[in-house]
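Spelled out from the first residue to the last, the chains are:
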Amino acid sequence: KRTIPTFQVRPNWTMLSQGAEARVWKIPSFLYENQAAVAKERFPKTYRHPILDQRLTKSRGKAEAKALTRARRGGVACPAVWGIQWPVLYLEFLDGPTVRQELERISKSIENASIDERTEMRESVAKKVGSLIAKLHNTRTIHGDLTTSNMIILSPDIYLIDFGLSRVSQNPEELAVDLYVLERAIQSTHPELDDTPFFSILLNAYKETGNKSDAVLQRLSAVRLRGRKRECFG
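What counts and what doesn't
- Residues numbered from 1 in each chain as written.
- Predicted model: local features only at pLDDT ≥ 70, side-chain atom pairs only at ≥ 80, totals over all residues.
- Heavy atoms only, no water.
- 1 Å grid on protein atoms, 1.4 Å probe; cavity = no way out; pocket = protein on both sides within 12 Å on 5 of 7 lines; lining within 4 Å.
- Points joined across faces, edges and corners; volume = space filled by probe spheres on them.
- Helix = DSSP H or I, 4+ residues; strand = E, 2+ residues; numbered from the N terminus.
- Nonpolar A, V, L, I, M, F, W, Y, C, P; charged D, E, K, R; others polar.
- Expected span 1.5 Å × (residues − 1).
- Buried < 20%, exposed > 50% of the residue type's maximum accessible area, 1.4 Å probe, protein only.
- Salt bridge = Lys/Arg side-chain N within 4 Å of Asp/Glu carboxyl O.
- Pairing = 2+ DSSP bridges.
- Axes fitted to C-alpha atoms, helices over the stretch in contact; angles between N-to-C directions.
- Contact = heavy atoms within 4.5 Å.
- Parallel < 35°, antiparallel > 145°, perpendicular 65-115°, else oblique.
- Left-handed = near helix turned anticlockwise from the far one by under 90°.
- Phe/Tyr/Trp six-rings, centres within 6.5 Å; stacked < 30°, edge-to-face > 60°.
- Polar contact = N/O pair within 3.5 Å; in protein donor to acceptor, adjacent residues only side chain to side chain.

A. Layout of the layout of surface pockets. Considering only enclosed or pocket space, the largest pocket measures out at about 790 Å³ in volume. Along the wall of the largest pocket there are 29 residues; nearest its centre are Ser17, Val24, Asn150, Ile161 and Asp162. Listed by contribution, the elements that provide at least two residues to the lining of the largest pocket are strand S1 (14-18), strand S2 (22-27), strand S3 (37-42), helix H1 (50-73) and strand S5 (88-92). Class assignment of the residues belonging to the lining of the largest pocket gives a composition of twelve nonpolar, nine polar and eight charged. What the second largest pocket holds in volume is close to 190 Å³. Gln187, Leu193, Asp194, Thr196 and Phe199 are the residues nearest the centre of the second largest pocket, which is lined by 13 residues in total. Tallied by class, the residues present in the lining of the second largest pocket amount to six nonpolar, four polar and three charged.

Structure (structure tokens):
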């Protein structure tokens with residue numbers, strides 16, 4: 001059994017992203033030669049008391065690892081957890097384009113594709129995303145940050161990543177909010193989809209796969225209405 005090496009950023013590591021909570025690194029070789037991995041490093045918050053910061057960092061890292069494990073057991077395509085060495089979570093590296101990149105490619109780069117071909121490709125993505133989220137919700141897991149940038153395509157599957165804001169719930173209202181977050185993210189990031197049935201197709205696929213989809217979709221209508229009221233009245 002191989003031992004997880006002590007965390008230390010090396011010259012051949014590549015930073016994939018940095019957010020408010022963590023830095024994400026690509027490691028060319030992890031436990032074995034040429035076995036790429038991701039190291040998610042939660043860094044200290046200087047504005048918090050050190051002891052409180054350590055407790056929060058550890059609890060959030062544990063929650064993310066548990067959510068990923070629970071999701072994979074429920075048939076959700078997501079990265080495997082390869083190791084934990086607080087405050088670092090080591091994950092399977094997924095080498096593929098994001099759904100955001102794929103949708104942009106369909107819209108901009110496929111010059112010779114007909115409208116029907118583009119529609120078919122978008123519908124395929126929408127169906128896979130809807131089914132993927134339904135499988136996640138079937139495990140009582142709320143992602144918390146559903147965007148097309150947090151989905152990676154490894155054909156023929158789409159994988160969910162970044163479970164840093166995930167939590168456990170089977171409340172239809174909270175599951176509906178998860179879908180609403182994705183809907184707003186798509187409206188913001190992909191205006192080219194505004195006049196297409198992309199999200200309706202996604203929801204149909206969600207309904208077919210989800211255990212409590214009827215209740216969730218009913219709540220989604222109410223969540224949308226509240227969102228529109230906030231936009232109108234502040």
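That covers the picture; the talk isn't over yet.
B. The arrangement of helix H5 (residues 198-209) in detail. The end-to-end C-alpha distance of H5 is 17 Å, a good match for the 16 Å that twelve residues give at a rise of 1.5 Å each. Taken together, the buried positions of H5 are occupied by Phe198, Phe199, Ile201, Leu202, Leu203, Ala205 and Tyr206.

C. Spatial organisation of the pattern of salt bridges. Summed over all chains, the structure comprises 15 salt bridges. One salt bridge connects Arg224 with Glu183, and the closest N-O pair in it is separated by 2.9 Å. Taken as a pair, Arg224 in helix H6 (residues 213-233) and Glu183 in helix H4 (residues 172-189) lie far apart in primary sequence, 41 residues in all. Given the relative accessible area of 22%, Arg224 is considered partly exposed. Among the charged side chains, a network of salt bridges with common partners joins Lys40, Arg42, Glu64 and Asp162.

D. The sheet that holds S5, seen in detail. Read from one edge to the other, the open sheet built from five strands follows the order S1-S2-S3-S5-S4, with strand pairing classed as antiparallel. Of all strands in the sheet, those bounded by a partner on one side alone are S1 and strand S4 (81-85). Strand-to-strand, the axes of this sheet are offset by a mean angle of 20°, without reference to chain direction. Judged from the four bridges that link them, S4 and S5 form a sheet pairing that is antiparallel. The partner of Ile84 across the bridge, within S5, is Leu89. Contacting S3, S4 and S5, H1 runs over the sheet at an angle of about 145° to S3.

E. A look at the packing of helix H3 (residues 115-138) against H5. Direction vectors running N to C along H3 and H5 enclose 40°, while the axes themselves pass 7 Å from each other. Here H3 lies oblique to H5, going by the angle between them. Like other packed secondary-structure pairs, H3 and H5 cross with a definite hand, here right-handed. Here the contact of H3 with H5 is built from residues that sort into ten nonpolar, five polar and four charged.

F. Just the packing of aromatic side chains, in detail. Per the stated rule, a full pass over the model turns up four aromatic pairs. Seen from their ring centres, Phe30 and Trp82 are 6.4 Å apart, and the 10° between their planes marks the pair as stacked. Here the residue Phe30 occupies a position in the loop between S2 and S3, and Trp82 occupies one in strand S4, the gap between them amounting to 52 residues. Accessibility expressed as a relative area gives 32% for Trp82, which makes it partly exposed.

G. A look at the side chain of His143. Following the sequence through the fold, His143 ends up in the loop between strand S6 (141-142) and strand S7 (151-154). Exposure remark for His143: the relative accessible area of 0% places this residue in the buried category. A polar atom in the side chain of His143 sits 3.0 Å from the backbone nitrogen of Asp145. In this structure, His143 is in contact with Leu136, Asn150, Leu160, Ile161, Asp162, Phe163, Leu165, Ser166 and Asp178, ignoring residues within four places of it in sequence.

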